[in-house]
Amino acid sequence: MKNCFRTSVLFLAIALVASTALAQEVSFKDPSGDDKGPGTYVYPTDKVYTAGSFDLTEFKMKVSGDKADFSVSVGTKLEDPWGMGGGFATQMVFIFIDTDNKEGSGFTKALPGLNVEFAAADAWDKCVILSPQPQNRVASEAETKAGWAKGAVVVPVRTKGMGRTISGSVALKDLGAGDPAKWGYQVVMQSNEGFPDKADLLTRKVNEFEGQHRFGGGNDGDCDPHAIDVLAGKGTGDKSEIEDQKKMLAYECEADGASKKMATLSMVRK
Amino acid sequence: MRATRTIGLALLLVAVAVSGTALAQQGPQFSLGGTTYTKWLWGNARDQGALYGFKDAPGEGYGDNGQGTEIELLIKAKPSKYVEVQARLHSRFYQNFWTNFGGFGSPSEDCIPNGCGEFDPRSNQYVKLRGVTVTLTPGYSWLDSATIGSSDWGMFDPYVVGRIRYIDRDNGQGLLFQGSALDKTLTWDAARISLPRLWAGPSYNTGTYHAADGAYVFQTAFKPSSAFDVTGLFQWINDIEVDTLDNNWDNGKNTRMRFRNTVVGAKAGIHPSATFDAKAAFYYSTYESANDLAPTGWGLNGYSPVPAGKHDDWSGKLNLDFADIAGSGFGINVEAFHIGAEYASMMAARRESDVLLTEGHDGTWALPGPNNATYGVFGGNPTIIGYGGWQGNAQQVATVNVDNQFTDFNEPMAETAIGWEGLTITPTFQKGALDLAAEYSYITYDTNWQAWGDDSRSITNSLYPAMDTLTGMGSYRAAYAPFQDKTTHIGLIKGKYVVEAGKGIDLFGKLKFIEETDKRLNDARYLPYKANDCATSGTLGCANVKNFYSGTNSTADYFNNPGVITGANGQQGYQWKPFSSISDDDRDLSYVMMQIGAGYQWTRDLYGSLEYNYYNADLQDGNTAFQAYNLMEMASGKHQKNQLIAKFRYSLGGLSECGLIYEYNFGTFEPDFGPGFVATKADQGTSNNVHVPVGSLGFANRYGGWNSLEKREFDQQRLKAYMKILF
């Protein structure tokens, strides 16, 4: 009986520790080969945009003490052809988080340059940006071009790339209260553009035809989502999520390039 | 009546307005943007020939002082969904100083020997047309786009057609056709690039007739998935001249080849997992130049982006990358490489790419003299980039056509990797706030040869452009030397660590070693004179009995014997050591570099870092018999260089780039030119000529140049502040 009690206590303790640990890490997978936005996008033609560079394959968020560590993996080895210094150059990642899970609370408008919006039930409260640009450049651009989201955009002091993974850490308190395991997440793969269009937040354009430094397969107006890959479905990496992504990023344009139906993202939750 | 008129006018205005709106929606789109870039240079070299730190082409200027602003207007129009037009109107810094008072510089006052002043376009705020491009996207199944005009050609390969920069990145112009099939998994690019007559041919020109010269490039890539890709490349360059022997002009004029260059290449990559990546590339080039239209040789130290004559060679590399092995944070990259001595692609990347994994040499030792001067033994050849050189390590390019022109000290330096072959291993480790990386490289050289690899020619009649000669501490564009038997070992470890204090303090450091030996002339049959030609005791003097390595060819024609002189202390001796041993020209470099630094985000907008770099080089680069090929300052001895670098980066919404770099270089050079000669004292003329104190010790070399034997102390400060705004 004593042994049984001890075993039960031990089991409960392990379960508690394990559940706590589980609660502190969230991860989602995304199918490979879906780096085509709504299904038609193609990479720019310059050789720095290597195949798979914008193919989101995995997202992880792990709480370590008072820090939240974010990592995003892509489909090929990261390279730094522009000498950004952080181990990667062409990618830029927007991690939108719905921390309160309340409909109508947060932003349905995404950050400028992405040309997407969020469903009301999945309005985002925080966005962590992983960029090869210096933190103060990203933060000041965000303040200038997305002043309406002041306090909601969080940029790691240092973001780095190794192998196929881009990572950065932010203070947990900057993301607000709550259990990260219960938050909703959406990851938007974009490309780092040091000299963006006037209103864009360091993002690269998607046009109808690809160019040396712009994606193709979209629209010359701003009615198409400038999102090359996103999390979809349940975030398991199942091939069916390719179709889920296409549906989510479906859009319609007016003849003059204005938006008729904007691509609407939803969050992925555990 | 008035009401009717008013209503009529209102209706008319509405109609016009509606019509205008419709036009705006359906008609051509036009946009205008721009950038402005302001630069402030300050340095104690007190040069003011241009607002660029380095430019060494004859007749051009350089400088480390001055303020200037340039602007470019970015014009973009889309007449229809199929047609897009882009262009830039770009002013240039060059000599457009603020002190010109808006273009009103003195019309007669020169700021460089060949003049600038108000009537020189380089200093009267002229604006140039740049980057004019028309892109057609007709929507054909077989053609994705046709581009007519400017490009940086970055879609090709740095070993074949590289991203080309010459002040701007899109000065090259041509036709580019791009297409795809199999749902974009198969792509092709075909281009006809007009050959830049400024530099894209033997002796940095394309002859008299340039207008029809071109490079023809084709590339096709098959990328069925992100796990596998294969690419094929082909380039053909045709530089032609009008045939002067064709006297019948009624049927037009015949042309003939001046220079041709063909390159074929193949690349493949497999990327099966997140932890393993493998890539291989192979390139083969042939080229030839017409003997009567292009130089047939380059003397001992000619300048050309390509050797003379007819050659072929190959280059290749194999890369194996292992990342985050078993989730440990440990990775390792391995690269085996060979870039043939005679490999040449005229349009290969000159600067904008780094084709090898190795760090290579350091930019602070860029050119042969102890202070980065070329031909510093002769008057009128001061250092241009300065004692500090360029910051950081070099990036390697697969050409001798290296371009570091129009750069400042804070930019990376490119160095040629022609002839390099060997292996680089770079372990890396990342865990939390710690990043570590190391490197070991073993490099030997395909240019290791004796008498340029051809006994039948005089060493002063080379097919290979030796540029600034492979002497001294560095020589970024020199790949060839008459005699070479060289190996290089590079080892380093570097790291970054973020200390959790405040916003995090970035600590970084590096320890780097280079061991480089070059026995140069390593066979006694190439010695200039017969054994014991010069007496070493008793009555001094030389019999001058030449040693011929073939026919009438002797290195004595270049490394001739010294006269007997009376030295500074009254003793009799040789003016320089007779070249009597194969060790007289040996090079042996032991090099250590240490770096330590820290950076911090001081405010939301301001990031600052401070670093200290220490360089210690113990160099034997031949003795006074060798004299750095009689052309450069001798650099044998002990070099110690210290660098303090402060960098600030300021961010503010709307500022694309803004920052300041201050650099303080100080150090010493203690010459050790070996025994076998007597030193003399510099007279007033020498002092005036090469800026050494009257009465200081040194020796006059074979060509009358002066090598000082005095310890030199260097002190260089420089600053660059910059601001770029996109609007």
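If you're wondering where the values come from, they're calculated on a predicted model, not measured in any experiment.

The next point concerns the overall build of chain B. Along the backbone of chain B there are two helices and 29 strands. Projected onto its principal axes, the C-alpha positions of chain B cover 125 × 70 × 70 Å. Relative to its full complement of 727 residues, chain B shows a buried share of 44%. For chain B, the share of sequence-separated contacts (at least 6 apart) that also reach a separation of at least 24 residues comes to 64%.

Moving on, we get to the overall build of chain A. When helices and strands are tallied, chain A shows three helices and 14 strands. In terms of C-alpha radius of gyration, chain A reaches 19 Å, essentially the compact-globule figure of 18 Å for 270 residues. Dimensions along the principal axes, computed over C-alpha positions, put chain A at roughly 75 × 40 × 35 Å. Within chain A, the proportion of its 270 residues that are buried is 56%. Residue pairs in contact within chain A that sit at least 24 positions apart in sequence constitute 70% of those at least 6 positions apart.

Right, let's get into the domain arrangement of chain B. Taken as a whole, chain B is organised into domain 1 (31-127), domain 2 (137-294) and domain 3 (487-726). Computed over C-alpha atoms, the centres of domain 1 of chain B and domain 2 of chain B are 30 Å apart.

Next up on the list: unusual backbone geometry. All names here are of chain B. A positive phi angle, near 70°, is found at N372, a position not held by glycine. In this structure, N372 sits in the loop between β13 (330-339) and β14 (395-397). Non-glycine residue F406 carries a positive phi angle of around 60°. Turning to its location among the elements, F406 is positioned in the loop between β14 and β15 (414-416).

Residues and elements named next belong to chain A. Spatially, the five strands line up as an open sheet ordered β1-β2-β3-β9-β8, and their pairing is antiparallel. Every other strand in the sheet has two partners, leaving β1 (25-29) and β8 (159-162) as the edge strands with one partner each. When strand polarity is set aside, the average angle formed by the axes of neighbouring strands in this sheet is 15°. As paired elements, β8 and strand β9 (residues 165-171) share four bridges and run antiparallel to each other. By the bridge assignment for β9, M162 is matched with T165.

Residues and elements named next belong to chain B. Spatially, three strands are ordered β26-β27-β28 in an open sheet, and the strand pairing comes out antiparallel. Strands at the two margins of the open sheet, each flanked by one partner only, are β26 (680-681) and β28 (706-708). In the sheet, strand β27 (residues 697-700) pairs with β28 via three bridges, with the strands oriented antiparallel. Paired with A700 across the strands is W706, a residue of β28.

Turning our attention to the pairing of β13 of chain B. With eight bridges connecting them, strand β12 (residues 311-322) of chain B and β13 of chain B associate as antiparallel partners. Across the sheet, the residue bridging to K317 of chain B is F337 of chain B, located in β13 of chain B.

This next bit is on helix α2 (residues 135-145) of chain A. Within α2 of chain A, nine of the 11 residues are buried, which leaves the element mostly enclosed by the surrounding structure. Listed as buried for α2 of chain A are Q135, N136, R137, V138, A139, S140, E141, A142 and K145 of chain A. Turning to α2 of chain A, the residues buried within the fold contact β6 (126-130) and β7 (153-154) of chain A together with β22 (587-601) and β23 (606-621) of chain B.

What follows concerns the confidence of the model for chain B. Residue and element names in this part refer to chain B. Looking at chain B as a whole, its pLDDT mean stands at 92, while 94% of the residues score no less than 70. At the level of individual helices and strands, chain B shows its lowest average pLDDT in helix α1 (residues 2-26), which scores 44, and its highest in β15, which scores 98. Overall fold confidence for the complex sits at a pTM of 0.90, while the interface term, ipTM, reaches 0.82.

This part covers the environment of A535 of chain B. All names here are of chain B. Along the polypeptide, A535 turns up in the loop between β19 (505-518) and β20 (564-566). Sequence separation between A535 and G388 is 147 residues, and the spatial gap between their C-alpha atoms is 43 Å. The residues contacting A535, other than those within four sequence positions of it, are L540 and G541.

Right, let's get into the interface of chain B and chain A. Contact with chain B, which involves 38 residues of that partner, is made by 35 residues of chain A. Tallied by class, the residues present in the side of chain B that touches chain A amount to seven nonpolar, 18 polar and 13 charged.

V160, M347, V397, A398, A417, I418 and A466 of chain B are the most contacted members of the largest nonpolar core, which totals 120 residues. With 66 residues, the next largest nonpolar core counts F88, A110, L130 and M189 of chain A among its residues.

Here the focus is the pairing of strand β6 (residues 173-181) of chain B. Residues and elements named next belong to chain B. The pairing of strand β5 (residues 145-150) with β6 spans six bridges and is antiparallel. Residue pairing across strands places T147 opposite L176, the latter belonging to β6. The pairing of β6 with strand β7 (residues 186-194) spans eight bridges and is antiparallel. Bridge pairing in β7 places Q178 opposite D189.

As a further point, take helix α3 (residues 240-248) of chain A. Think of an α-helix as 3.6 residues a turn; residues three or four steps apart then line up on the same face. All names here are of chain A. For α3, every residue scored as buried is listed here: E241, D244, Q245 and M248. An end-on view of α3 places all buried positions within 100° of arc, on one side of the element. Those residues of α3 hidden inside the fold are in contact with β11 (229-230) and β14 (263-265).

Thresholds applied
Residues numbered from 1 in each chain as written. Chains lettered and ligands numbered in written order. Predicted model: local features only at pLDDT ≥ 70, side-chain atom pairs only at ≥ 80, totals over all residues. Helix = DSSP H or I, 4+ residues; strand = E, 2+ residues; numbered from the N terminus. Buried ≥ 20, exposed ≤ 12 C-beta atoms within 10 Å, placed from the backbone. Contact = placed C-beta atoms within 7 Å. Rg over C-alpha atoms; globule rule 2.2 N^0.38 Å. Domains from an automatic or database assignment. Pairing = 2+ DSSP bridges. Axes fitted to C-alpha atoms, helices over the stretch in contact; angles between N-to-C directions. pLDDT = per-residue confidence, 0-100. Nonpolar A, V, L, I, M, F, W, Y, C, P; charged D, E, K, R; others polar. Core = buried A, V, L, I, M, F, W, Y, C linked by C-beta atoms within 7 Å. Arc of directions from axis to C-beta.

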